[in-house]
Amino acid sequence: MTFKPEPGTPLAIALAHAYERFAQTGQDLKNFDIQISERTRENGEDENGENTIGIEFVAKLEPGKKGLGNASRLGRSVLYIASKTSGEILREAGSR
């Protein structure tokens with residue numbers, strides 16, 4: 001499935017809020033890939049049954065290293081769940 005947000009949608013608001021929260025972690029953004037996903041009722045609705053957007057900052061692996069999950073020493077991955085209608089960050093989840 002391809003996520004095609006309309007210009008001026010809450011995605012821009014969600015990205016700005018997710019970046020602000022991520023910046024507070026003190027981690028270097030250059031060590032992360034950003035993945036955006038549309039979360040539907042099957043896999044990620046909020047408390048009110050609203051579809052959400054997932055914005056994940058995924059830690060890159062060090063060059064030449066392999067690992068499972070969040071095995072990177074370059075940082076700690078963080079997933080932000082945002083409202084698809086307002087862009088408000090509803091919750092976040094991190095991995096160690």
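Residues numbered from 1 in each chain as written. Predicted model: local features only at pLDDT ≥ 70, side-chain atom pairs only at ≥ 80, totals over all residues. Heavy atoms only, no water.

J.: Go over the packing of aromatic side chains, please, and point to the residues and values.
T.: Summed over all chains, the structure comprises 3 aromatic pairs. With a centroid separation of 4.8 Å and an interplanar angle of 75°, the aromatic rings of Phe22 and Phe32 are classed as edge-to-face. Note that Phe22 is positioned in helix 1 (residues 10–23) and Phe32 in strand 1 (residues 32–39), a separation of 10 residues in sequence. Relative accessible area serves as the criterion here: at 0%, Phe22 is assigned to the buried category. (Phe/Tyr/Trp six-rings, centres within 6.5 Å; stacked < 30°, edge-to-face > 60°. Helix = DSSP H or I, 4+ residues; strand = E, 2+ residues; numbered from the N terminus. Buried < 20%, exposed > 50% of the residue type's maximum accessible area, 1.4 Å probe, protein only.)

J.: Kindly report on the pattern of salt bridges, identifying the contributing residues and their values.
T.: Evaluated as defined, the whole model comprises 3 salt bridges. Residues Glu92 and Arg21 are paired through a salt bridge, measuring 3.2 Å at the closest nitrogen-oxygen approach. One end of the pair, Glu92, is in strand 4 (residues 89–94); the other, Arg21, is in helix 1, and 71 residues separate them in sequence. On the accessibility criterion, Glu92 (46% relative accessible area) is partly exposed. On the basis of relative accessibility, which here comes to 33%, the residue Arg21 falls in the partly exposed class. The shortest N-O distance in the salt bridge between Lys84 and Glu38 comes to 2.1 Å. Here Lys84, found in the loop between strand 3 (78–83) and strand 4, pairs with Glu38, found in strand 1; they are 46 residues apart in sequence, far enough to count as distant. For Lys84, a relative accessible area of 30% corresponds to the partly exposed category. (Salt bridge = Lys/Arg side-chain N within 4 Å of Asp/Glu carboxyl O.)

J.: Describe in detail the sheet that holds strand 3, supporting the description with residues and values.
T.: Remark on secondary structure: sheet strands pair via backbone hydrogen bonds, oriented parallel or antiparallel. What the 4 strands build is an open sheet, ordered 1-2-3-4; its pairing is antiparallel. Only two strands of the sheet have a single partner each, and these edge strands are strand 1 and strand 4. Direction aside, the axes of adjacent strands within the sheet are offset by 15° on average. Across 5 bridges, the pairing between strand 3 and strand 4 is antiparallel. Pairing of Tyr80 across the sheet is with Glu92, part of strand 4. (Pairing = 2+ DSSP bridges. Axes fitted to C-alpha atoms, helices over the stretch in contact; angles between N-to-C directions.)

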